[in-house]
Structures are given as structure tokens and as C-alpha cells.
Amino acid sequence: MKIAFVGKGGSGKTTLSSLFVRHLATAGAPVIAVDADINQHLGAAIGLTEEQAAGVPSMGAQLPQIKEYLRGGNPRIADAASMIKTTPPGSGSRLLRITEDNPVYALCAREFTVDGARLRLMATGAFDEADLGVACYHSKVGAVELCLNHLADGAGEYLVVDMTAGSDSFASGLFTRFDMTFLVAEPTRKGVSVYRQYKEYAADFDVNLRVVGNKVQHEDDVAYLREQVGDDLLAVVGQSDWVRRTEQGRAPGLGELESANRAALRVLREAADATYPLRDWGRYTRQMVRFHLRNAESWGNAKTGTDLAAQVDPDFVLGEFAQQREAVTA
Ligand SMILES: Nc1ncnc2c1ncn2[C@@H]1O[C@H](COP(=O)(O)OP(=O)(O)OP(=O)(O)O)[C@@H](O)[C@H]1O
Ligand SMILES: [Mg+2]
């Protein structure tokens, strides 16, 4: 299951992503956490030391190797250099699975034990001042998009991305790549306005968007969110002393999290799991092709000097069993 946390800066994306991955991991589920936020803090929020978090390589820097691996023996992709972030998989491409070991994880992921459970962490790498709003930003997040477009994930296993909300994520197809998008909103006008903007963009792309209220203090806060976002409000997380203690470096275990907040995490997982039967790999594949053709035309063809539309394999549908099926027919 592919899950994104988005929202306004400072709303609590990183905090809630880290709580959610810890919740999944301690429940025994395979989980990969991906830090794709402008502020790279997911490792610290998960409870890693500065040294551990700094040891997670930047996906952006490994992009050529990631492309080379995913391309595999796909005859429609001449070389890694002609592969862009939206190049879709086709017959011969290599797919990624959540639980396997593969060269992409060997390069980009690091495994940690948190709350006695194993989880993997990947990170786009820091965005420096010069990156913001320009191509580098997209190329870093592009590594995540490429991996998601090659990910054959099943029920009960999770890839959770701490993202940023805002126009940057709409410039690429990344925001359409998730089974579930949790929009973290504080009960404020600004928090809600980011939700409205996101909802509007997402409307044409069948994005499953639910709001998670955060730093909620009173019943009034809940009523405010309910009034503003209606049934899109899935759960609320309260202003948490546990989170504050974490920020103070006291590293409380997940088991000590306030029970109402633990219950909210269970609601998030149930909502994410409930989308599984609604999955449509055909639509998922068509969407990635649509974004690829759009990118090809607007900059990709010019940049690579090739007709990137020719990379599309019209018979290929990504799916959990895509490669196995191929192996059987071969
Ligand atoms: N439920 C909560 N209770 C108490 N403090 C919280 C809660 N959620 C978030 N915070 C605090 O609010 C601040 C911002 O949270 P966080 O870093 O998770 O937000 P973010 O959306 O990831 O921000 P950025 O846009 O900067 O990446 C942090 O200091 C965090 O500890
Ligand atoms: Mg953050």
C-alpha cells in the first residue's frame, strides 16, 4: 500500500508519518518510510540518532543507478540516460517489491530497529536553497515517482511517504501515485485552505484524500474541521505530550503514546487498507503513461533528444503479479 502524508508546512506531516510507520512496523507489517519532504526530518522523528539519519543516502544522487536497474532488459528504453522520472515500466523492466532485497534498496535504503521492530528508511536527500522551485527539486522527488511507478506492492505491506503539499507536488504525477493520501491539517484557516487546494487538484485524478486533523485541543477544533472538510475528516490527533517529549530527545516508546492518538493511528491504517479492493492497476498504469507523455512533450524529448513516447509499452499493465505472469508465459 502506497501512502502519502501531505499538508501545510509545520502541520505535522513528519510527526504523523513517523508515528504511522512506527505503528505499522510494531504491528509486524513490512514498511518502507520515504522522506520526500523539503525539510528532511523523518529519520529523527522515527527516533534515529543524527548519525543514523545522516547515513541514509540521498536517492537523488543514486538516480542513474536506480534507472539502470529498473530499465532491466526493456527494449524500449535504450539506456538510463534516456529514462526520465516518468518513464513507465514495460515488458523487460524490473519491478520493486516492498519486502525483497534489491540493488535499489541496497543503494538507497537503510534498515533500523525502532520500538523493537524493523523498518526501512529512504530519503530524497536535502533540498538546498537553490533547489527550491526549480528542476532539482523535481528531480529529487522524481526518484520517488520512478520507484512508485515500478513498485508492485500488495496488501498488508506499506510504503509511506512524508511529502510536501503545494504546487510543487502537482507539477509531477507524484500526487496520483498513492492508494491513500492523508492531508494533515491543523484546525486553522490556513490548514483547511491547503486541503481545499489539494482537493481541487486531486479531483481529476481519482486521488483518495482524507484529512487528519492535528494538534487538536478541544471539541471546538474537531467541530471546526468537521464543518470545513465534512466527511473527508478521517481522524484527529491531539496536541501530544508524547510528541513533545520526543522533541526533547527523551525517546518514549510508541507504547506510551496517548491512547486516543494510538486509536487514531489504527483508524488511518484501516482507512488505507480499505482502499486495497478498489485498486485499479489499469488506471494506475494509464495515469503514469499520461504524465509521461505530458513530460515528454513539455521538456523530456528536448532534453534527451529522443522520442520518449516510444518508451510506452502499450501492452504492459503494472500489477502485483506482473512479473510472475510474464515468467509464466515465457
Ligand atoms: N500532535 C502533536 N502534538 C504536539 N506537537 C506536535 C504534534 N504534531 C506536530 N507537532 C510539532 O509541531 C512541529 C511541526 O511538526 P512536523 O515537523 O511534523 O511538521 P511538518 O508538517 O513535517 O513540517 P515541515 O513542513 O517543516 O516539514 C514539530 O515541532 C512537532 O513536534
Ligand atoms: Mg516535515
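Residues numbered from 1 in each chain as written. Chains lettered and ligands numbered in written order. Predicted model: local features only at pLDDT ≥ 70, side-chain atom pairs only at ≥ 80, totals over all residues. Heavy atoms only, no water.

The chain is annotated in an unreviewed UniProt entry as ATP-binding protein of Streptacidiphilus cavernicola.

What to know about the overall build of the chain
If you tally the helices and strands in the chain, you get 13 helices and 8 strands. In terms of overall dimensions, the chain is globule-like: its C-alpha atoms have a radius of gyration of 19 Å, near the 20 Å expected for 330 residues. With the C-alpha coordinates aligned to their principal axes, the bounding extent of the chain is approximately 55 × 45 × 40 Å. Restricting to contacts in the chain with at least 6 residues of sequence separation, those with at least 24 account for 73%. Carbon and sulfur atoms make up 50% of the accessible area of the chain, which totals about 14300 Å². Within the chain, the 42 negative side-chain charges are centred at a point lying 1 Å from the centre of the 35 positive side-chain charges. (Helix = DSSP H or I, 4+ residues; strand = E, 2+ residues; numbered from the N terminus. Rg over C-alpha atoms; globule rule 2.2 N^0.38 Å. Contact = heavy atoms within 4.5 Å. Areas by Shrake-Rupley, 256 points an atom, 1.4 Å probe, with all protein chains shown as cover. Lys, Arg positive; Asp, Glu negative; His and termini not counted. Charge placed at Lys NZ, Arg CZ, Asp CG, Glu CD.)

Thoughts on the sheet that holds strand E7 (residues 209–216)
Pairing in this open sheet of 8 strands is mixed, and the strands run E3-E4-E2-E5-E1-E6-E7-E8 from one edge to the other. With partners counted over all chains shown, the strands left at the sheet margins are strand E3 (110–114) and strand E8 (233–238), one partner each. Ignoring which end each strand starts from, the neighbouring axes of this sheet average 25° apart. Sheet topology places strand E1 (residues 2–7) next to strand E6 (residues 180–185); 5 bridges connect them, and they run parallel. If you follow phenylalanine 5 over to E6, its bridge partner there is phenylalanine 182. (Pairing = 2+ DSSP bridges. Axes fitted to C-alpha atoms, helices over the stretch in contact; angles between N-to-C directions.)

Brief notes about the coordination of the magnesium ion (ligand 2)
Each protein donor to the magnesium ion (ligand 2) is listed here as Thr14 (OG1) and Asp37 (OD); together their distances run 2.0 to 2.2 Å. Within this pair, whereas threonine 14 is found in helix H1 (residues 13–26), its partner aspartate 37 is found in the loop between strand E2 (31–35) and helix H2 (42–46), the two being separated by 23 residues in sequence. Pair check on accessibility: threonine 14 and aspartate 37 agree, each one buried. (Donors = N, O, S within 2.8 Å, 3.2 Å for Na, K, Ca; no water. Buried < 20%, exposed > 50% of the residue type's maximum accessible area, 1.4 Å probe, protein only.)

A closer look at the site of ligand 1
Taken together, 18 residues form the shell around ligand 1, and within it Lys13, Thr14, Thr15, Asp37 and Ser240 come nearest. Lysine 215 has a polar side-chain atom sitting 3.0 Å from an oxygen atom of ligand 1. In the complex, 82% of the free accessible area of ligand 1, which totals 630 Å², lies under the protein chains. For the shell around ligand 1, the secondary-structure elements that each account for two or more residues are H1, E7, E8 and helix H10 (241–247). Considering every element that reaches the shell around ligand 1, the biggest residue donor is H1, with 3 residues. Broken down by class, the residue content of the shell around ligand 1 amounts to 2 nonpolar, 11 polar and 5 charged. (Near = heavy atom within 4 Å. Polar contact = N/O pair within 3.5 Å; in protein donor to acceptor, adjacent residues only side chain to side chain. Nonpolar A, V, L, I, M, F, W, Y, C, P; charged D, E, K, R; others polar.)

Some remarks on the packing of H1 against helix H11 (residues 259–273)
Two elements in contact, H1 and H11, have axes separated by 10 Å at closest approach and are oriented at 80°. Taken together, the axes of H1 and H11 are roughly perpendicular relative to one another. Touching Leu19, Phe20, His23 and Leu24 of H1 are Leu265, Arg266, Leu268 and Arg269, all from H11. Class assignment of the residues belonging to the contact of H1 with H11 gives a composition of 5 nonpolar, 1 polar and 2 charged. (Parallel < 35°, antiparallel > 145°, perpendicular 65-115°, else oblique.)

Re unusual backbone geometry
Despite not being glycine, aspartate 115 has its phi angle at roughly 55°, a positive value. Its location among the elements puts aspartate 115 in the loop between E3 and strand E4 (117–123). Here the phi dihedral of aspartate 206 falls at roughly 50°; this positive angle occurs in a residue that is not glycine. If you trace the backbone, aspartate 206 turns up in the loop between helix H8 (189–202) and E7.

Notes on the pattern of salt bridges
A pair can form between side chains of opposite charge whenever their charged atoms are brought close. The final tally for this structure, using the stated rule, is 14 salt bridges. A salt bridge links lysine 2 to aspartate 153, with the nearest nitrogen and oxygen atoms 2.6 Å apart. Taken together, the positions of lysine 2 in strand E1 and aspartate 153 in the loop between helix H6 (135–149) and strand E5 (158–162) put the pair 151 residues apart, joining distant regions of the chain. Note on aspartate 153: relative accessible area 0%, which makes it buried. Across the pair aspartate 153 and arginine 279 runs a salt bridge whose closest N-O atoms are separated by 2.7 Å. Here aspartate 153 is found in the loop between H6 and E5, whereas its partner arginine 279 is found in the loop between H11 and helix H12 (281–304), with 126 residues between them in sequence. Relative accessible area serves as the criterion here: at 18%, arginine 279 is assigned to the buried category. Salt bridges here are not isolated pairs; linked through shared partners, they connect Lys2, Asp153, Asp179, Arg279 and Glu320. (Salt bridge = Lys/Arg side-chain N within 4 Å of Asp/Glu carboxyl O.)

A closer look at the nonpolar core
Judged by nonpolar contacts, the single largest core of 59 residues is most densely connected at Met122 and Tyr198. Of all the elements, H6 adds the most residues to this core, at 6 residues. Counting 39 residues, the second-largest nonpolar core is a separate cluster that includes Phe5, Leu19, Val56 and Trp242. (Core = buried A, V, L, I, M, F, W, Y, C linked by side-chain atoms within 4.5 Å.)

Some thoughts on the packing of H8 against helix H9 (residues 219–229)
For the pair H8 and H9, interaxial distance at closest approach is 11 Å and the crossing angle is 30°. Classified by the interaxial angle, the pair formed by H8 and H9 is roughly parallel. When the axes of H8 and H9 are compared, the crossing they make is right-handed. Residues Arg189, Val192, Tyr195 and Arg196 of H8 form the contact with H9, whose own contacting residues are Tyr224, Leu225, Gln228 and Val229. Looking at side-chain class alone, the contact of H8 with H9 contains 5 nonpolar, 1 polar and 2 charged residues. (Left-handed = near helix turned anticlockwise from the far one by under 90°.)

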